[in-house]
Amino acid sequence: MIINILHKNNQDMGYCYHSCSTSMAASLLFGISIFWLLPQSAFCTTRHYTFNIVQHNVTRLCTTKSIVSVNGRFPGPRLVAREGDRVIVKVVNHVSNNISIHWHGIRQLTSGWADGPAYVTQCPIQTNQSYTYNFTIIGQRGTLFWHAHISWLRATVYGPIIILPQHNESYPFKKPYKEIPILFGEWWNVDPEAVINQALQTGGGPNVSDAYTINGFPGPLYNCSSKDTFKLKVKPGKTYMLRLINAALNDEMFFSIANHTLTIVEADAVYSKPFNTNVVFITPGQTTNVLLRTKPYYPNATFLMAAQPYFTGQGTFDNSTAAGILEYKPPLNGSPTNKNKIKLFKPTLPNITATGFVANFTKKFRSLASARFPANVPQTVDKRFLFTVGLGSSPCPKNTTCQGPNGTKFAASVNNVSFALPTTALLQSHFFGQSNGVYTTDFPTNPLNPFNYTGTSPNNTLVTNATKTVVLPFNSSVEVVLQDTNILGAENHPLHLHGYNFFVVGEGFGNFDPNKDPANFNLKDPIERNTVGVPAGGWIAFRFFADNPGVWFMHCHFDVHTSWGLRMAWIVLDGPLPSQKLPPPPSDLPKC
């Protein structure tokens, strides 16, 4: 027996069905009044959404173009749930592009069919087809986001995931007066699909974006954009929580609000030890909750909120600044008579290449490691991996001209393997034991040809192309060291692991030293994340328990690097118990 309570959301999210489980419903046989006496936290909740993939016109920078979007919104609608809720999202594809949606950072415990990366956990949803994503949010609360996970469609197909604490649970900090999602993105005046298709054809770097955006708006620092500015109106003496999301395709961002201090309290939907900062650094794929305490009085001023890139690579990039405005609501009895006398303050952001600032900032993150929110870091390790990440090249096809290094095509790799996406989904092939001709399980656990990774670049920059995977026994403890390389230039790489959170136990510059560096690992309260920036010319070490069966993508969250092959896949085997096994695929799983 299931009882559904239907209500309309206030975030244009469609209808949500709140359902109590059959075991709870059994108690209703003793009288319907018992139902209303049970505490709210006793009930599971199922939230239903419909995402229609459509084309709609958007104008930015005085350029109007048709974009792919969800429900005709840019950015897309909020997905709101509580920790423990079941979420069901029906995605209906009304456009000519194939589509898939990834619920970035959701653990997807035994629900790998709902993870979303095209040709990894599913074939994409084709035109006029639909697929229903079905997953439960377990042990997570905070901010994540959803986005398209095929080609470069996430340039416009993205939106926030807001995970509230369970009923009767509170934040480990004072409840804010209001909560506001702040999404950073990129805007192209042309079709981003044409940009990446041209780059892959010519082998050169893609054209950069025309602007950065805050909640879809470039802001007043761009030409023909003063009306397209996000404004955050606040009251004096209040605490606001800003849910920061970097949804940009290819750029890590600095963010600051003039004359205001921010307190960081969460990263990637995991509470963290609070610390204050004037500038937030956030890579694509990362989310960060910050508390903004407004001034105790009306300041007779407005304050610029600015976001600009951090760039460590070679070549061109979008060297511009997106801006929004923090605006105080004037007191009723003291409204300013002359708006021209209101001052506008601008923030000071770090230098675009401020590697030292980034390193110091990221090291401040620590898990709460409390009794309520412990940091369950693997203290011993069953499987160790050293993965080099970086750029390389592929030969130019005969009788063609390529615009990559020395007439080659740009490529990117992990341990010199540039991952080739198959034409059928890896998870389906794995589940039905049909890997032959789809993938192999011989991904190198260490670099095959060691060299001075952060020293002089080797003469041979060619990569190999293959669909290789790593197999992990269920619940094995894993340590991964990601080592940046100086092949075609050192660069910061935001690496994202699907299906897991991991603990960042160490980081440093230069080459990782397996004899010395582990002695300095933080195994007490390291930050728990799903996306981490590998320092330019440095390394990062993280640990996790392989407790989630399935096939899990790991890739650079610069979409250009993913397109060039900086990606790989882990296969985690089933555990012995029924709850530790991947169930069969849903009946509407898309076909290739």
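Residues numbered from 1 in each chain as written. Predicted model: local features only at pLDDT ≥ 70, side-chain atom pairs only at ≥ 80, totals over all residues. Heavy atoms only, no water.

Caption draft 1: Looking closely at the sheet that holds strand E34 (residues 550-556). One open sheet accounts for five strands, arranged E27-E35-E34-E29-E32; its pairing is mixed. Pairing within the sheet leaves two strands with one partner each, and these edge strands are strand E27 (469-472) and strand E32 (531-534). Averaged over all pairs of adjacent strands, the angle between their axes in this sheet comes to 20°, without regard to strand direction. Bridge count between E27 and strand E35 (residues 567-572): four bridges; the pairing is parallel. Its bridge partner lying in E35, Leu472 is registered against Val572. (Pairing = 2+ DSSP bridges. Helix = DSSP H or I, 4+ residues; strand = E, 2+ residues; numbered from the N terminus. Axes fitted to C-alpha atoms, helices over the stretch in contact; angles between N-to-C directions.)

Caption draft 2: Structural view of the side chain of Thr202. Relative to the helices and strands, Thr202 resides in helix H3 (residues 192-202). Setting aside chain neighbours within four positions, we find Thr202 in contact with Thr401, Cys402, Gln403 and Gly404. (Contact = heavy atoms within 4.5 Å.)

Caption draft 3: Highlighting the nonpolar core. With 96 residues, the main nonpolar core has Phe387, Leu482, Phe544 and Trp570 as its most contacted residues. Ranked by the residues each element gives to this core, the list is headed by strand E20 (residues 301-310), at six residues. Once residues within four sequence positions are removed from consideration, Leu482 is found in contact with Phe387, Val389, Leu495, Val534, Gly538, Trp539, Ile540, Phe542 and Met554. (Core = buried A, V, L, I, M, F, W, Y, C linked by side-chain atoms within 4.5 Å. Buried < 20%, exposed > 50% of the residue type's maximum accessible area, 1.4 Å probe, protein only.)

Caption draft 4: Just the sheet that holds strand E5 (residues 79-82), in detail. Judged by pairing direction, the sheet is mixed, and its four strands sit side by side in the order E5-E10-E9-E7 without closing on themselves. On the outer flanks of this sheet lie E5 and strand E7 (101-104), each paired with one strand and no other. On average, each strand axis in the sheet is inclined to that of its neighbour by 20°, with strand direction left out of account.

Caption draft 5: Here's a closer look at the environment of Arg47. By the secondary structure assignment, Arg47 is in strand E3 (residues 46-60). The class of Arg47 is buried, set by a relative accessible area of 9%. For the pair Arg47 and Pro176, spaced 129 residues apart in sequence, the C-alpha separation works out to 24 Å. Among the polar contacts made by the side chain of Arg47, one reaches the side chain of Asp85 at a distance of 2.5 Å. (Polar contact = N/O pair within 3.5 Å; in protein donor to acceptor, adjacent residues only side chain to side chain.)

Caption draft 6: Inspection of helix H4 (residues 355-362) at higher detail. Turning to H4, its buried residues are Val358, Ala359 and Phe361. Burial along H4 is one-sided: seen end-on, the buried residues are contained in an arc of 165°. Where H4 is buried, its residues meet strand E15 (252-257), strand E16 (262-267), strand E17 (270-277), strand E18 (280-282), E20 and strand E30 (502-509). (Arc of directions from axis to C-beta.)

Caption draft 7: Examining unusual backbone geometry more closely. In this chain, Phe74 is followed by Pro75 through a cis amide linkage whose omega measures -10°. Along the chain, the position of Pro75 falls in the loop between strand E4 (63-70) and E5. The phi dihedral of Cys224 falls on the positive side, at around 55°, and the residue is not glycine. We classify Cys224 as partly exposed; its relative accessible area is 41%. Phi at Asp268 takes a positive value of approximately 50°, unusual for a residue other than glycine.

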